[in-house]
Amino acid sequence: MNAVLLKDITFSYDGKTKILDGVDFHADYGEISLIAGHSGEGKSTLASIICGIIPNVNSGTLEGQVIIDGENIDGKKMGDICRKVGIVLQNADEQIVHKIVEDEIAFGCENLAFSQEKIAKQIEIVCNLMKLSPNWKTRSLSGGQKQRLITASTLAMGQKIIILDEPLANLDRQGGQLLMDTLKSLAKAGYAILVVEHRLDMVMPFVDRVWHISQGKAIEVENKQEFLKEQTKAIEDICPIFQIKDSIFDIKSVKFIVKKREILKDISCQIPKGARMLLLGENGCGKTTLLRLIARLSKPTAGNIYQYIDSKLGQKKSGSKRYYKRVGVVYQNPDYQLFMPTVREEIELCAESKEYAERIENLLGVAHLLDRHPQSLSQGQKRLVSIASVVASKPDVLILDEPTVGQDYDGLRRLVTALNEIHKQSGNTVITVTHDVRCADALCDVAIHIKDGKVFRFGGKEIVKDFFS
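Just so you know, these numbers come straight off a predicted model, no measurement behind them.

Peer 1: Explanation requested: the sheet that holds strand β4 (residues 61-68) in the structure shown.
Peer 2: Read from one edge to the other, the open sheet built from 4 strands follows the order β2-β1-β4-β5, with strand pairing classed as antiparallel. The open sheet has two edge strands with one neighbour each: β2 (18-28) and β5 (71-72). As defined by bridge partners, strand β1 (residues 2-12) adjoins β2 across 7 bridges and the pair is classed as antiparallel. In the sheet register, L6 faces β2, and the bridge partner there is F25. Against the sheet, helix α1 (residues 43-51) contacts β1, β2 and β4, and its axis sits at roughly 60 degrees relative to β2.

Printed below as a string of structure tokens:
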């Protein structure tokens with residue numbers, strides 16, 4: 001029996017542009033179905049239609065039949081649909097409402113009127129599955145830990161149809177393997193699992209069916225191995241071999257503690273000037289925290305970070321307007337830095353010049369989005385725009401926290417090539433955090449592997465190879 005059956009689905013947000021056009025799609029119980037495709041082609045829209053977010057929450061013009069568990073859901077309330085379909089959205093921060101992990105997991109269960117005994121049991125089960133502590137503060141979690149939390153919260157509610165939109169976005173390989181093993185076990189137990197994902201190398205060994213969304217249509221992929229091969233080719237590093245000379249940051253005995261929880265225990269290292277520095281490590285090891293300290297968005301609990309960008313910037317622990325003209329930061333969540341009414345205004349706001357902004361727009365492939373509102377874009381498109389807006393200011397230091405999330409293979413290749421072209425021409429220092437094996441080597445001159453809040457290894461591209469092997 002089909003868990004999900006879509007017949008001749010057409011959808012438009014504005015009543016003019018068809019995001020989906022005559023889509024026929026199905027997903028069965030006992031299977032994991034992968035929904036793949038380019039950024040902005042309608043994958044998340046399709047997921048939102050299946051779970052009832054469209055048209056109950058997000059409006060638009062929807063035509064066709066949506067049949068869930070054998071029942072047409074036209075006119076059904078969200079509360080009724082949610083009893084059958086659970087969804088993990090792309091943006092973890094938009095789904096987390098409570099301060100404590102166990103309260104967050106309990107929230108959905110309470111809405112489904114579970115008993116206190118069942119809620120307690122579900123919390124214990126999913127925390128063990130997703131390697132979470134019930135007592136952790138949700139605000140202090142890393143991006144990957146937040147991703148595991150919202151997944152745990154959905155699994156706890158026990159719906160037999162589960163949709164996950166970019167669930168591997170911020171997960172390390174261990175976390176990704178853990179999640180996919182769990183989903184495979186659920187599928188074998190009779191669940192229908194639908195996964196929207198770009199990191200095909202991690203999901204393809206687990207999926208039973210692959211759908212490719214393109215130009216408003218959904219096509220079932222017959223040859224999964226050939227499809228995977230085309231979407232996971234190694235991306236070439238076009239930058240010359242780097243020679244270490246001077247340092248731009250000197251990090252000495254840095255610690256960072258939040259309410260007795262040691263995130264960074266004792267970090268000491270140097271970041272070479274003009275290098276592409278890659279920070280590697282499992283979720284929660286302190287990578288994003290270290291980026292924030294370098295960016296002067298947070299202050300270390302102990303130790304110092306000395307900068308050698310410009311003596312006029314001083315050695316303060318807090319940032320300044322002068323500092324952020326020289327140090328550009330691209331956050332893990334693009335929603336935190338997109339606030340202008342159009343993409344054009346967003347990119348030109350701090351750009352060195354309009355001409356340079358246009359060059360960056362073309363390099364990153366966002367020129368066709370210039371008249372759109374940034375918040376109307378897909379997550380992958382938002383990420384490209386947030387990168388473009390920071391890069392256009394031509395900073396001496398570019399800090400990138402998970403810049404490749406939400407990118408299909410073609411978009412990823414364009415992004416990496418653009419970043420490397422800019423690096424070659426400007427000689428900037430680039431500090432990147434990524435869990436994406438497809439591009440890590442191509443963004444690296446020097447790498448630091450952080451483990452348990454300390455520098456575990458420091459070296460070159462061999463660190464990348466060892467980390468992902």
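Still more ground to cover, so stick around.
Peer 1: What is the right way to look at helix α16 (residues 461-468) in this model?
Peer 2: At 3.6 residues per turn, the α-helix brings residues three or four places apart onto the same side. For α16, every residue scored as buried is listed here: I463, V464, F467 and F468. Summarising the axial view, the buried residues of α16 lie within an arc of 115 degrees, below the 170-degree limit, and thus occupy one face. In this structure, the buried side of α16 is in contact with α7 (173-188), β13 (276-280), β18 (446-451) and β19 (454-459).

Peer 1: What is the right way to read the packing of aromatic side chains from this model?
Peer 2: A ring pair, where both rings are aromatic, is described by two values, the distance of the centres and the angle of the planes. The full count for this structure, using the stated rule, is 4 aromatic pairs. Aromatic side chains F25 and W211 sit 4.8 Å apart centroid to centroid with 50 degrees between the ring planes, which places their arrangement in the tilted category. Here F25, found in strand β2, pairs with W211, found in strand β9 (residues 209-214); they are 186 residues apart in sequence, far enough to count as distant. The same class applies to F25 as to W211, namely buried. Measuring from ring centre to ring centre gives 5.7 Å for Y323 and Y324, while their planes differ by 80 degrees; the resulting arrangement is edge-to-face. For Y324, a relative accessible area of 32% puts it in the partly exposed group. A cation sits over an aromatic face here: K118 above F114, 4.2 Å from the ring centre.

Peer 1: Before we go on, may I ask you to explain helix α6 (residues 143-157) in this structure?
Peer 2: Given a rise of 1.5 Å per residue, 15 residues ought to cover 21 Å, and the 22 Å separating the end C-alpha atoms of α6 matches this to within 8%. Just downstream of α6, G158 is the residue with a positive phi angle, here 75 degrees.

Peer 1: Help me understand unusual backbone geometry in this model?
Peer 2: Phi is mostly negative for residues that are not glycine, and the peptide bonds are mostly trans. A cis amide bond, omega 10 degrees, links I54 with the succeeding residue P55. If you trace the backbone, P55 turns up in helix α2 (residues 53-56). A positive phi is found at K131, a non-glycine position, where the angle reads about 55 degrees. With respect to the helices, strands and loops of the structure, K131 is situated in the loop between α5 (116-130) and α6. Even without glycine at this site, E402 takes up a positive phi of about 55 degrees. Tracing the backbone through its elements, the reader meets E402 in the loop between β16 (397-401) and α15 (409-426).

Peer 1: Explanation requested: the nonpolar core in the structure shown.
Peer 2: Proteins that are soluble and globular tend to have nonpolar side chains buried together. I32, L34, I105, L183, I193, L200 and M204 are the most contacted members of the largest nonpolar core, which totals 46 residues. Filtering out sequence-adjacent residues up to four positions away, I32 remains in contact with L183, K184, A187, I193, V195, F206, V207, D208 and R209. The next biggest cluster of nonpolar side chains, apart from the first, holds 34 residues, and it includes V343, L364, A392 and L415.

Peer 1: Just checking my understanding: could you explain the side chain of D172 for this structure?
Peer 2: Mapped onto the elements of the fold, D172 is located in the loop between β7 (161-165) and α7. One buried charged residue, D172, forms no salt bridge at all, with the nearest opposite charge on R148 at 5.0 Å. Reaching out from D172, the side chain makes a polar contact with the backbone nitrogen of Q174 at a distance of 3.1 Å. A distance of 2.5 Å separates the side chain of D172 from the backbone nitrogen of N283, its partner in a polar contact. The contacts of D172, once residues within four sequence positions are left out, are M202, G281, E282, N283 and H435.

What counts and how
Residues numbered from 1 in each chain as written. Predicted model: local features only at pLDDT ≥ 70, side-chain atom pairs only at ≥ 80, totals over all residues. Heavy atoms only, no water. Pairing = 2+ DSSP bridges. Helix = DSSP H or I, 4+ residues; strand = E, 2+ residues; numbered from the N terminus. Contact = heavy atoms within 4.5 Å. Axes fitted to C-alpha atoms, helices over the stretch in contact; angles between N-to-C directions. Buried < 20%, exposed > 50% of the residue type's maximum accessible area, 1.4 Å probe, protein only. Arc of directions from axis to C-beta. Phe/Tyr/Trp six-rings, centres within 6.5 Å; stacked < 30°, edge-to-face > 60°. Lys NZ or Arg CZ within 6 Å of the ring centre and 35° of its normal. Expected span 1.5 Å × (residues − 1). Core = buried A, V, L, I, M, F, W, Y, C linked by side-chain atoms within 4.5 Å. Lys, Arg positive; Asp, Glu negative; His and termini not counted. Salt bridge = Lys/Arg side-chain N within 4 Å of Asp/Glu carboxyl O. Polar contact = N/O pair within 3.5 Å; in protein donor to acceptor, adjacent residues only side chain to side chain.

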